[in-house]
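Listed below, chain by chain, are the residues.
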Amino acid sequence: EVCGDDVNGLFAAAYKIPTVITLLTTIFIEAWHFSAVNDADNNDRGSFFSTVFKSYMGIIFMAASGLIAFSKICTIILFADSYYDAWQYMPTLILATTFSALTTFMGSVYLVKKKSVMSFLTAMTGAIVNLALSFVLIPRIGAHGAALAAAASYFVSFALRTFTAQKFVRFDFHPEKLAINTALVGVQAWIMIAELPHWIVYQALLLTAVLIFNGKPILDGIWLALKKYRMQKS
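Residues numbered from 1 in each chain as written. Predicted model: local features only at pLDDT ≥ 70, side-chain atom pairs only at ≥ 80, totals over all residues. Heavy atoms only, no water.

### Structural notes on the confidence of the model for the protein
- On average, residues of the protein score 87 in pLDDT, and 88% of them are at 70 or above.
- The secondary-structure element of the protein with the lowest mean pLDDT is helix H2 (residues 19-38), recorded at 79, while helix H8 (residues 175-194) shows the highest, at 96. (pLDDT = per-residue confidence, 0-100. Helix = DSSP H or I, 4+ residues; strand = E, 2+ residues; numbered from the N terminus.)

### So, the nonpolar core
- One finds Ile21, Phe53, Tyr56, Leu102 and Phe171 to be the most contacted residues of the largest nonpolar core, which totals 55 residues.
- In contact with phenylalanine 171, other than residues within four places in its own chain, are Gly46, Phe49, Ser50, Phe53, Phe105, Met106, Val109 and Gln166. (Core = buried A, V, L, I, M, F, W, Y, C linked by side-chain atoms within 4.5 Å. Buried < 20%, exposed > 50% of the residue type's maximum accessible area, 1.4 Å probe, protein only. Contact = heavy atoms within 4.5 Å.)

### Here we look at the packing of helix H3 (residues 45-69) against helix H5 (residues 90-113)
- Where H3 meets H5, the closest approach of the two axes is 9 Å, and the angle between their N-to-C directions is 165 degrees. In terms of axis orientation, H3 runs roughly antiparallel to H5. Judged by the sense of rotation from one axis to the other, the crossing of H3 with H5 is right-handed. Contacts between H3 and H5 involve Arg45, Phe49, Val52, Phe53, Tyr56, Met57, Ile60, Phe61, Ala64, Leu67 and Ile68 from the first element and Pro91, Ile94, Thr98, Ala101, Leu102, Phe105, Met106, Ser108, Val109, Val112 and Lys113 from the second.
- The class makeup of the residues in the contact of H3 with H5 is 18 nonpolar, two polar and two charged. (Axes fitted to C-alpha atoms, helices over the stretch in contact; angles between N-to-C directions. Parallel < 35°, antiparallel > 145°, perpendicular 65-115°, else oblique. Left-handed = near helix turned anticlockwise from the far one by under 90°. Nonpolar A, V, L, I, M, F, W, Y, C, P; charged D, E, K, R; others polar.)

### Here we look at a nonpolar patch on the surface
- Among the surface-exposed residues, Phe70, Ile73, Ile76, Ile77, Leu78 and Tyr84 lie close enough to one another that they form a single nonpolar patch of about 610 Å² accessible area.
- With respect to the helices and strands, the residue phenylalanine 70 is situated in the loop between H3 and helix H4 (71-78).
- The class of phenylalanine 70 is partly exposed, set by a relative accessible area of 41%. (Patch = residues over 30% accessible without salt bridge, like charges linked within 9 Å, V, L, I, M, F, W, Y side chains within 5 Å. Areas by Shrake-Rupley, 256 points an atom, 1.4 Å probe, with all protein chains shown as cover. Salt bridge = Lys/Arg side-chain N within 4 Å of Asp/Glu carboxyl O.)

### Points about the packing of aromatic side chains
- This structure, assessed with the given rule, holds 13 aromatic pairs.
- In this structure an aromatic cluster arises from ring pairing among Phe28, Phe49, Phe53, Tyr56, Phe105 and Phe171.
- Its guanidinium or amino end placed over the ring of tryptophan 87, lysine 72 lies 4.5 Å from that ring's centre, counting from NZ or CZ.
- Between the NZ or CZ atom of lysine 177 and the centre of the ring of phenylalanine 213, over which it lies, the distance is 4.5 Å. (Phe/Tyr/Trp six-rings, centres within 6.5 Å; stacked < 30°, edge-to-face > 60°. Lys NZ or Arg CZ within 6 Å of the ring centre and 35° of its normal.)

### Remarks on helix H6 (residues 116-141)
- Its 26 residues give H6 an end-to-end C-alpha distance of 36 Å, which sits within 8% of 38 Å, the value for a rise of 1.5 Å per residue.
- In the structure, H6 departs most strongly from a straight axis at serine 134, where the bend amounts to approximately 35 degrees.
- For H6, the complete set of buried residues consists of Thr122, Gly126, Ser134 and Ile138.
- In the core, the buried residues of H6 are packed alongside H5 and helix H7 (143-165).
- Looking one or two residues beyond H6, the residue adopting positive phi is glycine 142, at roughly 65 degrees. (Expected span 1.5 Å × (residues − 1). Bend = angle between axes of the 7 residues up to and from the residue.)

### With respect to the packing of H3 against H8
- Remark: H3 packs on H8, axes separated minimally by 10 Å, with the N-to-C direction vectors making an angle of 10 degrees. As far as their axial angle goes, H8 and H3 are roughly parallel. Facing Lys54, Met57, Phe61, Ala64, Ser65, Ile68 and Ala69 of H3, the residues of H8 in contact are Lys177, Leu178, Asn181, Thr182, Val185, Gln188, Ala189 and Met192.
- For the contact of H3 with H8, the class distribution of residues is nine nonpolar, four polar and two charged.

### Side note on the pattern of salt bridges
- What the rule picks out here adds up to one salt bridge.
- Across the pair glutamate 195 and lysine 72 runs a salt bridge whose closest N-O atoms are separated by 3.1 Å. Separated by 123 residues along the polypeptide, glutamate 195 in the loop between H8 and helix H9 (199-233) and lysine 72 in helix H4 bring together distant segments of the chain.
- The class for glutamate 195 is partly exposed, based on a relative accessible area of 46%.

Structure representation (structure tokens):
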């Protein structure tokens, strides 16, 4: 009620676009959990986790980049005219959902090692960060504060899970690629929110960069999945 019913309605509408990433996450994680548990005792599981995470990260960031670039267009096509202003919250919410998806992957390590308490603690920490930042930011910048609080809370949860997961399954989470992807998509979000002149050109260039940067890891992941499938069938 702090922001008013109109803004709350726009915020709720804006949250529908990032659910595309949530859908991708759900489809992947269900299959990944089965594979991760079955391969829990393999000697090469660190390498396996690393390769799969690289591909997963690539898919998630490509989806995020595309959704941010087309956030205004999605709003025009999918929403009524009265909800057009919902697009301004989408870039930050897409970032939040992106790190939520990465956090979910890191939670698979806890599943393999049966560390459900760690999963709870990291999620609870993120929730506390969200609540605290919402209390501070919403009165100052409205619904943008809620979106920023969500993004920050998922980032904190992801950072905590990445750090603690290494104690149970050591694997390369590709910090350089993660940082570059985050920077590229973060700049996209800023350009959209700031409505810079010629933003369409910038979005096209950045989206192309994200697609090129992440293309090969995804192909590597698909090849690994097919290889393991053939080994299981033989």
